[in-house]
Amino acid sequence: MWRRLCGLACVLPLWGWTVVTTVLVLWLTLSPDPLPDNEITWWEHTDKIVHVLMFLGVYLSGCFDLSRRSSARKPGRTAGVVSRVNLAGWVMLLGAVIELIQPLSNRTCDLSDFLADASGVFLGFAISGWLMKRLFSGKE
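Quick caveat, the model's predicted, so the values are computed rather than measured.

### Overview of the overall build of the protein chain
Stage number 1. The number of helices and strands found in the protein chain is five helices and zero strands.
Stage number 2. Counting helices and strands in the order they occur from the N terminus, the protein chain gives α-α-α-α-α.
Stage number 3. Counting every position in the protein chain, which comprises 140 residues, the buried fraction comes to 39%.
Stage number 4. Restricting the contact set of the protein chain to residue pairs at least 6 apart, pairs at least 24 apart contribute 78%.
Stage number 5. Summing over all exposed atoms, the protein chain offers an accessible surface of approximately 8600 Å²; the carbon and sulfur share of this is 68%.

Rendered as structure tokens:
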């Protein structure tokens, strides 16, 4: 199952998933009204869960693409810890920059949004080693 999932995910060129998820997050966070007439408020802090999931997605797609690059050089190899830590720093920087420039698009800069972004990155880091090994090990 894992091997088939990895094969399906490799349909985009290298770094394709990272670009797609990053562009989607940029659109959702910087558009003045990305989902018009759609007020999603299941509970008070629903948007924080969305931030966690968005940045989890950006981080894991980056790890996937890093692991694809490593696996192309040596089959079964995944992104190392240093690469995953560097990626975490870059994705958290992306979250910080987004929060700082949101006022330019009539949105508010919110520290709690950045903390939710960072939580998504930390969650991604916590599971990325295991997940990438499962995807790239070649074992079913």
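### Regarding the pattern of salt bridges
Stage number 1. Scanning the entire structure with this criterion turns up four salt bridges.
Stage number 2. Residue Asp113 is joined to Lys48 by a salt bridge in which the shortest nitrogen-to-oxygen separation is 2.5 Å. Taken together, the residues span a long stretch of sequence, with Asp113 in helix 5 (residues 111-136) and Lys48 in helix 3 (residues 46-73) at a distance of 65 residues.
Stage number 3. Judged by relative accessible area, Asp113 falls into the buried class, the value being 7%.
Stage number 4. For Asp65, the salt bridge goes to Arg68, with nearest N and O atoms at 3.6 Å. Remark: Arg68 and Asp65 occur in helix 3; sequence separation between them is three residues, near one turn of the helix.

### Quick word on the packing of helix 3 against helix 5
Stage number 1. Interaxial distance between helix 3 and helix 5 falls to 7 Å at its minimum, and their mutual angle equals 35°. Like other packed secondary-structure pairs, helix 3 and helix 5 cross with a definite hand, here right-handed.
Stage number 2. Here the contact of helix 3 with helix 5 is composed, by residue class, of 16 nonpolar, eight polar and five charged.

### A few points about the confidence of the model for the protein chain
Stage number 1. Mean pLDDT for the protein chain: 84, with 83% of residues reaching 70 or above.
Stage number 2. The secondary structure element of the protein chain with the lowest average pLDDT is helix 1 (residues 2-9), at 57, and the one with the highest is helix 4 (residues 81-101), at 95.

### Some thoughts on the side chain of Gln102
Stage number 1. Residue placement: Gln102 occurs in the loop between helix 4 and helix 5.
Stage number 2. Ignoring any residue separated from it by four or fewer positions in sequence, one finds Gln102 in contact with Thr29, Leu30, Arg107 and Thr108.

### Thoughts on the packing of helix 3 against helix 4
Stage number 1. Relative to each other, helix 3 and helix 4 sit at 140°, their axes nearing to 10 Å. Crossing geometry of helix 3 relative to helix 4 is assigned as right-handed. Residue-level contacts link His51, Phe55, Val58, Tyr59, Gly62, Cys63 and Leu66 of helix 3 to Ser83, Arg84, Leu87, Ala88, Val91, Leu94, Gly95, Ile98 and Glu99 of helix 4.
Stage number 2. Of the residues in the contact of helix 3 with helix 4, the class split is ten nonpolar, four polar and two charged.

### A word on a nonpolar patch on the surface
Stage number 1. Where nonpolar side chains cluster on the molecular surface, the patch consists of Trp90, Leu93, Val97, Leu100, Ile101 and Leu104 and spans about 670 Å² of accessible area.
Stage number 2. Here Leu104 is to be found in the loop between helix 4 and helix 5.
Stage number 3. Look at Leu104 and you get exposed, because its relative accessible area is 76%.

Reading the values: rules and limits
- Residues numbered from 1 in each chain as written.
- Predicted model: local features only at pLDDT ≥ 70, side-chain atom pairs only at ≥ 80, totals over all residues.
- Heavy atoms only, no water.
- Helix = DSSP H or I, 4+ residues; strand = E, 2+ residues; numbered from the N terminus.
- Buried < 20%, exposed > 50% of the residue type's maximum accessible area, 1.4 Å probe, protein only.
- Contact = heavy atoms within 4.5 Å.
- Areas by Shrake-Rupley, 256 points an atom, 1.4 Å probe, with all protein chains shown as cover.
- Salt bridge = Lys/Arg side-chain N within 4 Å of Asp/Glu carboxyl O.
- Axes fitted to C-alpha atoms, helices over the stretch in contact; angles between N-to-C directions.
- Left-handed = near helix turned anticlockwise from the far one by under 90°.
- Nonpolar A, V, L, I, M, F, W, Y, C, P; charged D, E, K, R; others polar.
- pLDDT = per-residue confidence, 0-100.
- Patch = residues over 30% accessible without salt bridge, like charges linked within 9 Å, V, L, I, M, F, W, Y side chains within 5 Å.

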